[in-house]
Amino acid sequence: MRAMIASAAALSLLTPVVVAGPARAATVATVPLATVVDKAREVAGFWLADDAANLRAATPYTVLAAAMGAERLSTGVVPDGPAVSTPPVGAENPPPGDEVVTSGKVFFIGGDGLPHWCTGTSVQSAYRNLVATAGHCVFDIEAPMGALGKWVFVPAYSGGATPYGLYVGKQGITHYDFEDLHDFDRDYAFATVHSGVVLSAPDTLTTVGRLGDNVGGLGIAANQPLPPAADVFGHPSGPHPDGSGPYTGQILERSTGPTFAVKPSGLRADRPVGVDSPFTASLGAAWVTGYDAETRAGYLTGLTISVADTDADGRYDTGISPYFDTGLFQVYRDAANRWTGSITYVSG
């Protein structure tokens, strides 16, 4: 089913965006995506040319998309500091209807040299320019750690259409332990993006403005008790272990289920969390708590990094995410204060 989580314009900030002080330098690792304007324009052209042929040709990213197995635990997860959060923010001109616009797809070139995608989500930031997804949907874990190529975000993507523009990534930000140690308790990343563009004519990019102004952004909550339930918004794709294939990855899907501590096998992580979800591979899917159906807003509290079949019945039943703790919030706080700008001076 399609669902909406974009914030309404009437939704005001409960507190200012967290900008007080940088994260500890040792916590944050960064990687350049397209930091120079000419490079960013080249990336945009690659994806938008020929009626967005490369967007249409992209396939789901399947690296570590499913864990070897997982055990649901009855124990909880202990926060490592006080509960912290930043509230959601609405779009300046919220779109009509109930279309999901904060969620979309991140596209990139994988280590195989082919175009792939994961789910990504717009989140609140000082410059309205931040996307959250799984860490290994930004950082290439199949090679000496670096960036996946030609990284972009398209909110509300469907069938080659870019209804709110295409946003070229400028910089990827993650936890040092993920970048250096491949610690999947830190398998999350934020990417700053340049202002969005569309092709107004062949070889002519037109600016459509900042991501958060156009689609809004979810809030972020960390060091929270595990909620009774979370809504998962993502693009599941591929079959279950039994061969059944209910999802195509073509539309944004929503599932709702309880959360719990989980112990996955074949994944280097000490305290990940799980959510009851029937989704097949759905890397980067957003876990949202405090979801309000009227305002279509909520708080990001998890990101799918893998799925698992915990009862061995041949069907995936669990999404797996890092627990959002102090380290994540430090990385987010750093990313949320990084400025980006336009890659073209042609106004829309």
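Fair warning: this is a prediction, and the values are worked out from it, not measured in the lab.

What counts and what doesn't
- Residues numbered from 1 in each chain as written.
- Predicted model: local features only at pLDDT ≥ 70, side-chain atom pairs only at ≥ 80, totals over all residues.
- Heavy atoms only, no water.
- Helix = DSSP H or I, 4+ residues; strand = E, 2+ residues; numbered from the N terminus.
- Rg over C-alpha atoms; globule rule 2.2 N^0.38 Å.
- Buried < 20%, exposed > 50% of the residue type's maximum accessible area, 1.4 Å probe, protein only.
- Contact = heavy atoms within 4.5 Å.
- Lys, Arg positive; Asp, Glu negative; His and termini not counted.
- Charge placed at Lys NZ, Arg CZ, Asp CG, Glu CD.
- Pairing = 2+ DSSP bridges.
- Axes fitted to C-alpha atoms, helices over the stretch in contact; angles between N-to-C directions.
- Core = buried A, V, L, I, M, F, W, Y, C linked by side-chain atoms within 4.5 Å.
- Salt bridge = Lys/Arg side-chain N within 4 Å of Asp/Glu carboxyl O.
- Phe/Tyr/Trp six-rings, centres within 6.5 Å; stacked < 30°, edge-to-face > 60°.
- Lys NZ or Arg CZ within 6 Å of the ring centre and 35° of its normal.
- pLDDT = per-residue confidence, 0-100.
- Polar contact = N/O pair within 3.5 Å; in protein donor to acceptor, adjacent residues only side chain to side chain.

## Topic: the overall build of the chain
Then comes step 1: Counting secondary structure elements, the chain contains 4 helices and 25 strands.
Then comes step 2: The globule rule puts the C-alpha radius of gyration for 348 residues at 20 Å, and the 18 Å found for the chain is close to it.
Then comes step 3: Burial status across the chain gives 59% buried among its 348 residues.
Then comes step 4: In the chain, the share of contacts with a sequence separation of at least 24, taken over all contacts with a separation of at least 6, comes to 75%.
Then comes step 5: Each charge class in the chain was averaged separately, 20 positive and 33 negative side chains, and the resulting centres sit 5 Å apart.

## Considering the sheet that holds strand E25 (residues 318–321)
The pairing of strands in a sheet comes from backbone hydrogen bonds and takes either a parallel or an antiparallel form.
Then comes step 1: Taken together, the 5 strands give an open sheet; going across it, the order is E3-E20-E21-E25-E24, and neighbouring strands pair in antiparallel fashion. One side of each edge strand has no neighbouring strand; the edge strands of this open sheet are strand E3 (69–72) and strand E24 (306–308). Strand-to-strand twist of the sheet, defined as the mean angle between neighbouring strand axes without regard to direction, takes the value 40 degrees.

## As for the sheet that holds strand E19 (residues 253–257)
Then comes step 1: Read across the open sheet, the 6 strands follow the order E4-E15-E23-E22-E16-E19; overall the sheet is mixed. For this open sheet the edge positions go to strand E4 (84–86) and E19, each flanked by a neighbour on one side alone. For this sheet, the mean inter-axis angle between neighbouring strands, taken without regard to orientation, is 30 degrees.
Then comes step 2: In this sheet, strand E15 (residues 219–222) lies alongside E4 in antiparallel orientation, the contact comprising 3 bridges. Following the sheet pairing, Ser85 is matched in E15 by Ala221.

## A closer look at the nonpolar core
Then comes step 1: Counting residues in each nonpolar core, the largest one holds 39 residues, and the members touching the most others are Tyr61, Phe108, Trp151 and Ile320.
Then comes step 2: Counting residues per element, the ones that place at least two in this core are strand E5 (103–109), strand E7 (130–134), strand E10 (149–155), strand E12 (188–193), helix H3 (211–215) and strand E20 (259–265).
Then comes step 3: Top contributing element to this core by residue count: E12, with 3 residues.
Then comes step 4: Discounting chain neighbours no more than four positions away, the residues touching Phe108 are Trp47, Tyr61, Leu114, Pro115, His116, Trp117, Cys118, Cys137, Leu148, Gly149, Lys150 and Trp151.
Then comes step 5: Judged by nonpolar contacts, the second largest core, of 25 residues, contains Ile173, Leu252, Leu328 and Phe329.

## Remarks on the pattern of salt bridges
Then comes step 1: Counting across every chain of the model gives 13 salt bridges.
Then comes step 2: Linking Lys150 and Glu42 is a salt bridge whose minimum nitrogen-to-oxygen distance equals 3.9 Å. With Lys150 in strand E10 and Glu42 in helix H1 (residues 37–57), the pair connects residues that are 108 residues apart, well separated along the chain.
Then comes step 3: Residue class for Lys150 comes out partly exposed when judged on its relative accessible area of 26%.

## Re unusual backbone geometry
Then comes step 1: For Asp51, which is not glycine, the phi torsion reads 55 degrees and is therefore positive.
Then comes step 2: A positive phi angle is found at Arg128, which is not glycine, with a value near 50 degrees.
Then comes step 3: The topology assignment puts Arg128 in the loop between strand E6 (115–123) and E7.

## Overview of the packing of aromatic side chains
Then comes step 1: Within this structure, the stated rule accounts for 11 aromatic pairs.
Then comes step 2: Each ring, one from Phe46 and one from Trp47, has its centre 5.0 Å from the other, and the planes form 85 degrees; the classification is edge-to-face.
Then comes step 3: Of the residues examined, Phe46 reaches a relative accessible area of 26% and is grouped as partly exposed.
Then comes step 4: A relative accessible area of 0% means that Trp47 is categorised as buried.
Then comes step 5: Judged by centre distance (5.6 Å) and plane angle (55 degrees), the ring pair of Phe190 and Tyr332 falls under tilted. Here Phe190, found in strand E12, pairs with Tyr332, found in helix H4 (residues 326–335); they are 142 residues apart in sequence, far enough to count as distant.
Then comes step 6: Taken together, the ring pairs in this structure connect Phe46, Trp47, Phe107 and Tyr157 into an aromatic cluster.
Then comes step 7: Directly above the ring of Trp117 sits Lys105, whose terminal nitrogen or CZ lies 3.7 Å from the centroid.
Then comes step 8: Directly above the aromatic system of Phe46 lies the positively charged group of Lys150, at a separation of 5.1 Å from the ring centroid.

## Points about the confidence of the model for the chain
Then comes step 1: When pLDDT is averaged across the chain, the result is 89; 90% of the residues are at 70 or more.
Then comes step 2: Long-range and interchain partners of residues 1–25, a stretch whose pLDDT sits below 50, account for 78 contacts in this model, where long-range means more than four residues apart.

## Some words on the side chain of Lys105
Then comes step 1: Relative to the assigned elements, Lys105 resides in strand E5.
Then comes step 2: Summary of buried charges: Lys105 has no salt-bridge partner, and the nearest side chain of opposite charge, Glu253, is 10 Å away.
Then comes step 3: Within the structure, Lys105 has its side chain in polar contact with the backbone oxygen of Gly249 (distance 2.8 Å).
Then comes step 4: When neighbours within four sequence positions are excluded, Lys105 is seen to be in contact with Trp117, Cys118, Thr119, Gly120, Val152, Phe153, Val154, Tyr157, His235, Gly249 and Gln250.

## Some points on the pairing of E15
Then comes step 1: A two-sided burial pattern is seen for E15, the buried positions comprising Gly219 and Ala221 on one face and Ile220 and Ala222 on the other.
Then comes step 2: The sheet contact formed by E15 and strand E23 (residues 297–303) spans 2 bridges and is parallel. When the bridges of E23 are listed, Gly219 appears paired with Tyr299.

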